[in-house]
Each structure stands twice: as structure tokens, then as C-alpha cells.
Amino acid sequence: MNYLRTAILLAGLTALFMGVGYLIGGAAGATIALLIAAATNLFAYWNSDRMVLSMYGAHEVDARSAPELVSLVATLAGRAGLPMPRVFLMDNPQPNAFATGRNPENAAVAVTTGLMQSLNREELAGVIAHELAHIKNHDTLLMTITASIAGAISMLGQFGMFFGGNRDNNHGPGIIGSIAMMILAPLGAMLVQMAISRTREYAADDLGGRIVGQPMALASALVKISNAAHAIPNEEAERNPATAHMFIINPLSGRGMDNLFSTHPATENRIAELQRLAAELGSGSGMAPSLHQPPSHRRGPWTAPRGSGAAPRRPWG
């Protein structure tokens, strides 16, 4: 059902794109719109991963600089039947993560230092499994294409205002229609883009829970990340809000419910789905920490036990 819903939404976004092109320039305008879409998607296909990783100052780590993190990613990638992705670390206090890359053979998983410090090993495994699910489902490419088409629709809407629509067509929008198109076309594209993003998050939660085998560990991680996102700002995300849909939890602000303007499903709804999955897998329904509670002081998997006298283990070098 998630795949069908995604296909319908993507088809609707493409139809909106072609429709705006037709209103601006008739059949020729629709063709030009198609060519613009192809060009933007081609550029995004080859460059989006490098651009977003650079945007967040992510640096690549390996088995020498972050042995435990890389080992965990390798283990989960093996379970998922995926090639080993590149692993990146972002020096950011907000716990969060995303995946990027045009295909499973050229994929990357990026996590923040805040995520490493705030989650235990099982929760971190759940988050990484979620990101690997995005890679396995080709969501990283899908959302790049979706964002490219939505951006192109916004650009065409602006063009429509200047050109006044298709003057060779008696049914062209005219000046009033062009103004409406300039406002409504980008809004419609944004709504469809966000709906696709929410659908893919549910699908990645489901597959991620199956990969890690402990859906409630992922649920617990989602709660901790969601609570922290309210209290710890992500300055890079604030400067680049168009990338918010990439993260496992909205890095900008939390939402109390699923709605048309949310890039992510409500955390409560995601937890409910993971509880159902846990019951299906027989892994125990479990209970995730409550939302909106103060962050737990339990240490993450990369710190030495209390009283051991050992220095903290920092897997990012």
C-alpha cells in the first residue's frame, strides 16, 4: 500500500508539472517542462549526495577512526542485503541522521555526534537500520527527484506570472489565472512532496524494524530524537529547511499530528506502527519513553562505565 500510495503521489506531482507547463506554453510548454524536469533530475542524480553532505559539514569515517560505528553499519547492511555504504559524521549536538546517494552502490549514511552521545547501542542500531531501509527502498533517489520536480514547478509558476499563460490557447489562464497558478502550483507541489515524504518514513520504519529485529528500539530512539529536536537547534538545517525531509526526525520543529504541511509523520503514529510490527514479529510490544519528557541522562554506547576511570570512547576520532 505504501508503494502504491507513493506511485500515485509521484504521478500526481508529474501531472501537475506537465499541466503548469501546458498552461504557460501549450504543448511546447509541456515539452519544455519535461526537459527542465529531466535536466534537474539528472543534475540531482549525480550531485545531490555530495551537496548535502558538504552542506552539513559531514566528514567520512572508517574502521580506524570510528570502529564501533562502522562495524555496526556493516553488520546491519549485511542483514539488509546491501553493499556497505560510506559512513559520515556530522559535528552537531542535535541527535539526528539521514541517508543519501543515487543507489545502494553509491549510498551514504550520516549521523550526528549528538545521536552517538544520546542513544544506546540498540537504539542507534534501529536508527541506522531505518536509514538503510531508505537506501534499500531507493527513497534517497525518489526524494531527490521529488524535490527537483517540486522546485521546477515553483520556477514554472514564476514564469507563468511573467508570460501570462498560453496566449495561443483560448483557454489560457490569463493574468488572474497566472497569479493563481503562481501561488497554487508551488503550494500543491509542496503538499504532494510532503505527502510522499511521510509515506516513505512509514515504509522505512517498517523495513528498518525488520532489519534490526527490535522495532521498539527504533521507537525508543524516535522518541529521544523527537524530544531533543525541540530543545537542541540544528543551525545548518535552519539555514537549509528544504533538506529537513531527509532526516529521520524533522530537525526544525516537532509536529503534534500528521497534517498536510508536515514533512514527517507524527512520532506517536510512528511508534504505534512499530508497536504493531513488534507484535507481528513476536519481539515484544515494549514501551517507548514518553514524548516531551526531559532527555534521559542514560549514557550512550560510546562512553565508559561510571567509576571505571576510563576516558570516554569517541568513535569519531
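Residues numbered from 1 in each chain as written. Predicted model: local features only at pLDDT ≥ 70, side-chain atom pairs only at ≥ 80, totals over all residues. Heavy atoms only, no water.

## Quick notes on the pairing of strand 3 (residues 97-101)
Most of strand 3 sits inside the fold, with 5 of its 5 residues counted as buried. Covered by surrounding structure in strand 3 are Ala97, Ala99 and Gly101 together with Phe98 and Thr100, the residues of both alternating faces. The pairing of strand 3 with strand 4 (residues 107-112) spans 5 bridges and is antiparallel. Paired with Gly101 across the strands is Ala107, a residue of strand 4. Linking strand 3 to strand 4, which pair antiparallel, is a turn of 5 residues. (Buried < 20%, exposed > 50% of the residue type's maximum accessible area, 1.4 Å probe, protein only. Helix = DSSP H or I, 4+ residues; strand = E, 2+ residues; numbered from the N terminus. Pairing = 2+ DSSP bridges.)

## Section: the sheet that holds strand 3
The strand order across the open sheet built from 4 strands is 1-2-4-3, with neighbouring strands paired in mixed fashion. At either margin of the open sheet sits one strand with a lone partner, and together these are strand 1 (59-61) and strand 3. When the angles between neighbouring strand axes are averaged without regard to direction, this sheet yields 35°. The pairing of strand 2 (residues 86-90) with strand 4 spans 5 bridges and is parallel. Pairing of Val87 across the sheet is with Val109, part of strand 4. This element, helix 2 (residues 67-80), spans strand 1, strand 2 and strand 4 of the sheet and lies at about 135° to strand 2. (Axes fitted to C-alpha atoms, helices over the stretch in contact; angles between N-to-C directions. Contact = heavy atoms within 4.5 Å.)

## Thoughts on the packing of helix 7 (residues 215-231) against helix 9 (residues 267-281)
Where helix 7 meets helix 9, the axes come as close as 8 Å, and the angle between the chain directions of the two elements is 165°. By the angle between their directions, the pair helix 7 and helix 9 is classed as roughly antiparallel. As for the relative orientation of helix 7 and helix 9, their crossing is left-handed in sense. Taking contact as the criterion, the partners of Pro215, Met216, Leu218, Ala219, Leu222, Val223 and Ser226 in helix 7 are, on helix 9, Thr267, Arg270, Ile271, Leu274, Gln275, Leu277, Ala278 and Leu281. Here the contact of helix 7 with helix 9 is composed, by residue class, of 11 nonpolar, 3 polar and 1 charged. (Parallel < 35°, antiparallel > 145°, perpendicular 65-115°, else oblique. Left-handed = near helix turned anticlockwise from the far one by under 90°. Nonpolar A, V, L, I, M, F, W, Y, C, P; charged D, E, K, R; others polar.)

## Observations concerning the environment of Thr31
Note on placement: Thr31 falls in helix 1 (residues 2-55). On the accessibility criterion, Thr31 (45% relative accessible area) is partly exposed. Considered as a pair, Thr31 and Gly21 are 10 residues apart in the sequence and their alpha carbons are 7.5 Å apart.

## A few points about the confidence of the model for the chain
Summary statistics for the chain give a mean pLDDT of 78 and a share of 70% for residues scoring 70 or more. Counting contacts from residues 165-169, a segment whose pLDDT is below 50, to residues more than four positions away or on other chains yields 13 contacts. The low-confidence segment residues 302-317, where pLDDT is below 50, has 33 contacts with residues more than four positions distant or belonging to other chains. (pLDDT = per-residue confidence, 0-100.)

## Thoughts on a nonpolar patch on the surface
Judged by side-chain polarity, Ile183, Leu184 and Leu187 come together as a nonpolar surface patch covering roughly 270 Å² of accessible area. Considering the arrangement of structural elements, one finds Ile183 in helix 6 (residues 174-212). For Ile183, a relative accessible area of 52% corresponds to the exposed category. (Patch = residues over 30% accessible without salt bridge, like charges linked within 9 Å, V, L, I, M, F, W, Y side chains within 5 Å. Areas by Shrake-Rupley, 256 points an atom, 1.4 Å probe, with all protein chains shown as cover. Salt bridge = Lys/Arg side-chain N within 4 Å of Asp/Glu carboxyl O.)

## Let's talk about the pattern of salt bridges
Going through the model one piece at a time under the given rule, you end up with 9 salt bridges. A salt bridge links Arg86 to Glu60, with the nearest nitrogen and oxygen atoms 2.9 Å apart. Remark: Glu60 occurs in strand 1 and Arg86 occurs in strand 2; sequence separation between them is 26 residues. For Glu123, the salt bridge identified is with Lys224, shortest N-O distance 2.9 Å. On the criterion of sequence distance, the pair formed by Glu123 in helix 4 (residues 121-136) and Lys224 in helix 7 is long-range, its members being 101 residues apart. Each of the two residues, Glu123 as well as Lys224, counts as buried.

## Some points on the pairing of strand 2
Within strand 2, 4 of the 5 residues are buried, which leaves the element mostly enclosed by the surrounding structure. Relative to strand 2, strand 1 runs antiparallel, the two being bridged by 3 bridges. Residue pairing in the sheet places Val61 in a bridge with Val87 of strand 2.

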